[in-house]
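# Examination of the molecular architecture
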Amino acid sequence: MNKTITILLIALAAALALAGKMNMKLLEMRSTAHLTQAPPTQNMPPGVAFTTVALGGFRGLLADFLWMRAGTLQDEGRYFELVQLSDWIARLQPRSPPVWAYHAWNMAYNVSALMTDPAERWRWVRNGIALLRDEGLAANPGSARLHQDLAWIFLHKLGTDSDSAAAYYRAQLAAEVDAGAVHFDPALVRRIEQEFGPLDWRTPQAQAIYWAMAGLPFARTDFDDLALRRTVYQALLRRIALGDRQYLAPTTAFVQDVVRRHPGLAGPESVLRQLQEAKGYN
């Protein structure tokens, strides 16, 4: 019996090694044919890269099983267990933006809502932000979806008072920016401020604008382009509502461009009319 188990284990190890080798060949072929957004494991966290290579074609089967389990946990409201399960799924399917978005949303919205202490709530919201920014986008640098999801957490979760601890989140974000714990692409910052004027990068609206603008070059559909541009002007509108009227003119120009790019949409056209009225236009 022991001999049989030993043979099976050896066969399993050989099969995994062969699957990993074949997977590397397939990934190389996909990269050559420009079917991937980035080289197979470039910029991936080590754990994700190892899982991607080692499990090869078995990743899909295991991920399907875990997704079914995740659905059950979601329905039952077992969000803490879902955090670990979602982490496993993300490492099995690192090139799937919806996986990272789902995982981040669960932490930032579902799990954080279970906490009563603002510091604990912020820890989970911040975990969701860090997951998208530091891991999801590292694995999927060309994903407009993940840029939009990250921008939305800043715009909605931190930038509005829909969460009772939102003021605490904003204070913590400002402290992190002041401490140099949040890093920006200087070239993108310059481009944004050339278009809209100086921004207070400690605010969630500035963060939302940054990530939405970072995602625009990767928008391959009208839907993605509009979603990212809408995030930008919604963040600017929020700053105007908070008293920063210096953004009125550049926001008007930006929304005019959105209307030109996406004609016939009631939402952007209504926003443009309101901005023009606020500026005293006819």
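Nothing here was measured: the structure is a model prediction, and the numbers come from that model.

### With respect to the overall build of the protein chain
A tally of regular secondary structure across the protein chain gives 13 helices and zero strands. Sequence-ordered secondary structure for the protein chain, helices as α and strands as β, is α-α-α-α-α-α-α-α-α-α-α-α-α. For the protein chain, the exposed area adds up to about 14,500 Å²; of that, 60% sits on carbon and sulfur atoms.

### Notes on the pattern of salt bridges
With the rule as written, the count across this model stands at 16 salt bridges. In this structure, the salt-bridge partner of Asp178 is Arg202, at a minimum N-O distance of 3.9 Å. Of the two residues, Asp178 sits in helix H8 (residues 166-178) while Arg202 sits in the loop between helix H9 (186-196) and helix H10 (204-215), which places them 24 residues apart along the sequence. A relative accessible area of 56% places Asp178 in the exposed class.

### Points about the confidence of the model for the protein chain
With 76% of its residues at a pLDDT of 70 or more, the protein chain has an overall mean of 84. Low pLDDT (under 50) marks residues 34-56, which in the prediction has 51 contacts with non-local residues, meaning those over four places away or in another chain.

### Focus on the packing of helix H5 (residues 97-113) against helix H7 (residues 144-158)
In the contact formed by H5 and H7, the axes pass within 9 Å of each other and the chain directions differ by 15°. It follows that H5 is roughly parallel to H7 by the angle criterion. As for how H5 packs across H7, the hand of that crossing is right-handed. Taken together, the residues of H7 that come into contact with H5 (itself represented by Pro97, Pro98, Trp100, Ala101, Trp105, Ala108, Tyr109 and Ser112) are Arg145, Leu146, Asp149, Trp152, Ile153, His156 and Lys157. Here the contact of H5 with H7 is composed, by residue class, of 10 nonpolar, two polar and three charged.

### Description of the packing of aromatic side chains
Tallied over the full model, the rule gives eight aromatic pairs. Summarising the aromatic geometry, the rings of Phe196 and Phe254 are spaced 5.5 Å apart at their centres and angled 65° between planes, so their arrangement reads as edge-to-face. One end of the pair, Phe196, is in helix H9; the other, Phe254, is in helix H12 (residues 248-261), and 58 residues separate them in sequence. Residue Phe254 is classed as buried on the basis of its relative accessible area, which comes to 3%. Relative to Trp211, the ring of Tyr210 has its centre 5.0 Å away and its plane inclined at 85°; by these criteria the two rings are edge-to-face. Exposure class is identical for Tyr210 and Trp211. Each is buried. Directly above the aromatic system of Tyr109 lies the positively charged group of Lys157, at a separation of 4.6 Å from the ring centroid.

### Structural notes on the packing of H10 against helix H11 (residues 222-241)
Two numbers describe how H10 lies on H11: the axes approach to 9 Å, and their chain directions differ by 160°. When the axis of H10 is compared with that of H11, the two are roughly antiparallel. Considering how the two elements wind past one another, H10 and H11 form a crossing that is left-handed. Between H10 and H11, the contacting residues are Gln205, Ala208, Ile209, Ala212, Met213 and Gly215 on the first element and Leu228, Thr231, Val232, Ala235, Leu236, Arg238 and Arg239 on the second. In the contact of H10 with H11, the residues fall into eight nonpolar, three polar and two charged.

### Some remarks on H11
End to end, H11 covers 28 Å across 20 residues, agreeing with the expected 28 Å (1.5 Å per residue, within 8%). If you check which residues of H11 are buried, you get Asp225, Leu226, Ala227, Leu228, Arg229, Thr231, Val232, Tyr233, Ala235, Leu236, Arg239 and Ile240. Its buried side turned inward, H11 meets H7, H9, H10, H12 and helix H13 (266-278). Positive backbone phi, approximately 110°, marks Gly243, located one or two places after H11.

### Topic: the nonpolar core
Nonpolar side chains in soluble globular proteins tend to end up buried together. Among the nonpolar cores identified, the biggest contains 72 residues, and Leu158, Ile192, Ile209 and Met213 are the most heavily contacted of them. In contact with Ile192, not counting residues within four places along its chain, are Gly197, Leu199, Trp201, Ile209, Tyr210 and Met213.

### Comments concerning the side chain of Asn106
Tracing the backbone shows Asn106 in helix H5. In terms of polar contacts, Asn106 uses its side chain to reach the backbone carbonyl oxygen of Tyr79, at 3.4 Å. Non-local contacts of Asn106, meaning those with residues more than four positions away in its chain, are made with Tyr79, Leu82, Val83 and Val111.

### Describing the side chain of Lys157
Mapping Lys157 onto the fold places it in helix H7. Residue Lys157 is classed as buried on the basis of its relative accessible area, which comes to 6%. Looking at Lys157, its side chain comes within polar contact range of the side chain of Asp163, at 2.9 Å.

Thresholds applied
- Residues numbered from 1 in each chain as written.
- Predicted model: local features only at pLDDT ≥ 70, side-chain atom pairs only at ≥ 80, totals over all residues.
- Heavy atoms only, no water.
- Helix = DSSP H or I, 4+ residues; strand = E, 2+ residues; numbered from the N terminus.
- Areas by Shrake-Rupley, 256 points an atom, 1.4 Å probe, with all protein chains shown as cover.
- Salt bridge = Lys/Arg side-chain N within 4 Å of Asp/Glu carboxyl O.
- Buried < 20%, exposed > 50% of the residue type's maximum accessible area, 1.4 Å probe, protein only.
- pLDDT = per-residue confidence, 0-100.
- Contact = heavy atoms within 4.5 Å.
- Axes fitted to C-alpha atoms, helices over the stretch in contact; angles between N-to-C directions.
- Parallel < 35°, antiparallel > 145°, perpendicular 65-115°, else oblique.
- Left-handed = near helix turned anticlockwise from the far one by under 90°.
- Nonpolar A, V, L, I, M, F, W, Y, C, P; charged D, E, K, R; others polar.
- Phe/Tyr/Trp six-rings, centres within 6.5 Å; stacked < 30°, edge-to-face > 60°.
- Lys NZ or Arg CZ within 6 Å of the ring centre and 35° of its normal.
- Expected span 1.5 Å × (residues − 1).
- Core = buried A, V, L, I, M, F, W, Y, C linked by side-chain atoms within 4.5 Å.
- Polar contact = N/O pair within 3.5 Å; in protein donor to acceptor, adjacent residues only side chain to side chain.

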